[in-house]
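Notes for the structure review
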Protein chains: 2
Amino acid sequence: MKTGKYLEFSAPRRRSQWSKMAHKKIKNMEEFAAVSGLSRPTVSKYFNDPDSVRATTRERIETAIEKYNYSPNIFAINQNRKLTKNIGIVVPYLADPFYAEIARKIEKRCVEAGFWPMLFSSYGDQQLENDILDSLRGLRPAAVLLAPLGRTSDRAAIEKFTRDVPTVLFDSNIEGIGQAFVGSDNFSFVSQTVEYLTRSGEPPSFFEMRTPANPNANKRRLAYIAIMERLGFEPNVIKVEGEGWAFEEIGRNGAFKILQERTLPTDTVLCSNDRLAIGFLSACYELGIRVGRDEGCSLRVASNDDHPYSKFTCPSLTTAAHDYDSVANGSVETLFELIESGGRFSKRTETLYAARLVLRASA
Amino acid sequence: MKTGKYLEFSAPRRRSQWSKMAHKKIKNMEEFAAVSGLSRPTVSKYFNDPDSVRATTRERIETAIEKYNYSPNIFAINQNRKLTKNIGIVVPYLADPFYAEIARKIEKRCVEAGFWPMLFSSYGDQQLENDILDSLRGLRPAAVLLAPLGRTSDRAAIEKFTRDVPTVLFDSNIEGIGQAFVGSDNFSFVSQTVEYLTRSGEPPSFFEMRTPANPNANKRRLAYIAIMERLGFEPNVIKVEGEGWAFEEIGRNGAFKILQERTLPTDTVLCSNDRLAIGFLSACYELGIRVGRDEGCSLRVASNDDHPYSKFTCPSLTTAAHDYDSVANGSVETLFELIESGGRFSKRTETLYAARLVLRASA
DNA sequence: AGACTAAATTTGCGCGCGCAAATTTTTTAT
DNA sequence: ATAAAAAATTTGCGCGCGCAAATTTAGTCT
């Protein structure tokens, strides 16, 4: 019986191929260094930084890599390293295409820079978020990019984690935690949508969850109130029931409620985020309420985020768009600076990116 | 200078806390075994399988874990282990909520079973898929769950990978590759939608991409044709242009084209998948074409998958639903069996799960 | 060309744990 | 109670590589 020896299953067949290939399987860096005609630490130096060896040496090594298809054992590398090349990326809800999109861009940049990004999702669950942080600790990452759950995060646990592991927060800020924060300027989002809506029609009511998980929601509500007051309008915040991360469902149910009760003081609604708006629009459709700025429409709906699906809602959604690239790049840049600074910044910085208004059919 | 010594930054403060905590930081398993009053290999045995030590021993260890907050170094564990507890999960496109949802369920099951799932997304890119497989090789996973890109996969690369690493394919089958396949029964999907549509109205045309990436698309087309013929109807397959994974956009553009050209022979359309349907419906809305089975509707649209957003389309989408739980559970079960079988099955099995018809407003 | 500096390379040790074989302890059967 | 079997525990070695200090080689300036 050869339990677990799956790597050996085809050894005989392979051996017969070696005669053609004319070189044997390299087991470790020692053997690889030998066939390269170098000492192991020189090869090791190359793998830590290819530019740290002489050009001729580098070429010899790279030729040998091609020939023998060698790569160092990732576990042995990390076990004894002072600082690993691992980078943890944690998002609150990966089934939300917004986070999937950001994560994708971040991963790409990390790989290009020679790091090992590892992606985790808390899926809206505090316990899972804590468990992920515990696991990450064991991976001894060079640094971590964390988009926390927000209100439902275990603040103490995250603070404790960030004391031990260099962390950049993104998307959701938690005051004072982590070495830096990179996110979006919620005031910029809401001011653009509110100003557009007021100058093109009635001032909007603001539609949101009663107890939003994401702290951006609170900032958006406050921005809405401030901007409305500055423009001389009466703010009207509509809070709908619902917990968790099923925003579309919550938006839909909330919309049914307020539309059937006919409590809307204006014909214009600004949703806190696009996922609520997606649900809102589906309720409008079912109730036969025509949404948009065309004639025959009785309601305008706008939102914030420019969710990947907001192009395909009915009608398509007018929204304030995240600068996805800037947030992703900014997060990664900050992270790399943090790593180069030895894991600490002298002071915590906050970087916010402005929104770009995207006019579509819904408002 | 203390480059990279971030773990030490608060050492003095911590030391002063030790007097309260009354125990010092455990550095390795040796020290941990000492404070537990046991030898290291006994402790090691516990971590490999808590049930493999005496109950009293187990209790002593678990008390000590609580007290000293010790966990073994993950890199040292894996470096010398014959078989790791790592499990690779690879999906073709994580920004598609369908895969995010499946991945989430799979990850959960793996963690519960004591494994270390690691999630990767190919993001529709063949090179990235190959790179991920290369990385996975280095992680020496106990097994890998792979949902390949499909048509755009590098078949030879995947075959080579599966020769070395025990792999279960899911979602997208590649004939003969991997130790097993777990997926959905495309015939079941299409037969249910086609039969429903034909008995409740006109027989459907089939709407799809000209060169779909996913092999399920081909099975669905063939199933559509077979079922239509069996029912005595003329099949009508509409192929629209477009490459890549932006299915909504492709569906939308394709719908504009065929709707404006008025080439549809029936008033009923079956989309190959929900993401195409989402785009299709958005085009219908913009063109003022009312979709559904109510009076005043000129078109019915149905689809396959029960995408998380299909509840929120306008109108909501009638579709054949994946049995998400079964596919996720079935994949994981098969994977565990594979691991217990030493990484090889005597013969390759294919497990297919039937669809469940979900009637909504669109057809 | 010689001396000095900087870069490249080598020697040797240790990381934290898995694993097999040897030993001890506990359980089971008589 | 005693022997045999089974389970639990211990001893000792090796995994593949990082890293610091020592050594050699290459580059620079006068």
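Preceding block: the structure.
The present account deals with the structure reproduced in this document. Think of each chain on its own: its residues are numbered from 1, step by step along the sequence as written. Chains and ligands are labelled sequentially in the order written, the chains with letters from A and the ligands with numbers from 1. In keeping with the model being predicted, local features are shown solely for residues with a pLDDT of at least 70 and side-chain atom pairs are shown and tallied solely at 80 or more, while totals for entire chains, interfaces and linings include all residues.

1. A look at the protein's contact with DNA strand C
The test is simple: Each residue receives a C-beta atom placed from its backbone. It is near a molecule or strand if this atom lies within 6 Å of it. Helix and strand labels come from DSSP, where a helix needs a run of H or I of at least four residues and a strand needs a run of E of at least two; each type is numbered from the N terminus.
Near DNA strand C you find 26 residues, and of these A:S39, B:N28, B:M29, B:S44 and B:P72 are the closest. Listing elements by their share of the surface near DNA strand C, those giving two or more residues are helix 3 (40-48) of chain A together with helix 3 (40-48) and helix 5 (74-79) of chain B. Per element, the largest residue contribution to the surface near DNA strand C is four residues, and it comes from helix 3 of chain B.

2. Remarks on the relation of the copies chain B and chain A
Put simply, the rule reads: The least-squares superposition of copies is restricted to C-alpha atoms, and to residues with a pLDDT of at least 70 in both copies. Our contact criterion uses C-beta atoms placed from the backbone: two residues qualify when those atoms are within 7 Å.
Expressed as a screw operation, the relation of chain B to chain A combines 0.0 Å of axial shift with a rotation of 180°, fitting to an RMSD of 0.0 Å. The transformation just described matches what one would write down for a two-fold rotation axis. Every residue of chain B has its C-alpha some distance from the rotation axis, and the shortest such distance is that of B:F75, at 2.4 Å. In this assembly, 100% of the residues forming the interface of chain B have copies in chain A that are likewise at the interface, indicating an isologous arrangement.

3. Some thoughts on the interface of chain B and chain A
Note: interface size is frequently given as the accessible area lost on complex formation between the parts. Selection criterion: Note on residue classes: Ala, Val, Leu, Ile, Met, Phe, Trp, Tyr, Cys and Pro are nonpolar, Asp, Glu, Lys and Arg are charged, and everything else, Gly too, is polar.
Opposite the 46 residues of chain B that make contact, chain A presents 46 residues. Going through the elements one at a time, helix 5, helix 6 (97-112), strand 2 (116-121), helix 8 (155-164), helix 11 (247-261) and helix 12 (274-287) of chain B are the ones with two or more residues in the side of chain B that touches chain A. Partitioning the side of chain B that touches chain A into residue classes produces 24 nonpolar, 13 polar and nine charged.

4. Side note on the protein's contact with DNA strand D
As a matter of local geometry, DNA strand D sits amid 26 residues, with A:N28, A:M29, A:S44, B:S39 and B:P41 nearest to it. Counting only elements with at least two residues in the surface near DNA strand D, the list comes to helix 3 and helix 5 (74-79) of chain A together with helix 3 of chain B. It is helix 3 of chain A that contributes the most residues to the surface near DNA strand D, four residues altogether. Of the residues contributing to the surface near DNA strand D, the split by class is nine nonpolar, 12 polar and five charged.

5. Some details on unusual backbone geometry
A negative phi angle characterises most non-glycine residues, just as the trans form characterises most peptide bonds. With an omega of -5°, the peptide bond running from A:C314 to A:P315 counts as cis. Inspection of the secondary structure puts A:P315 in the loop between strand 9 (300-305) and strand 10 (318-321). A positive phi is found at B:D305, a non-glycine position, where the angle reads about 130°. Along the chain, the position of B:D305 falls in strand 9 (residues 300-305).

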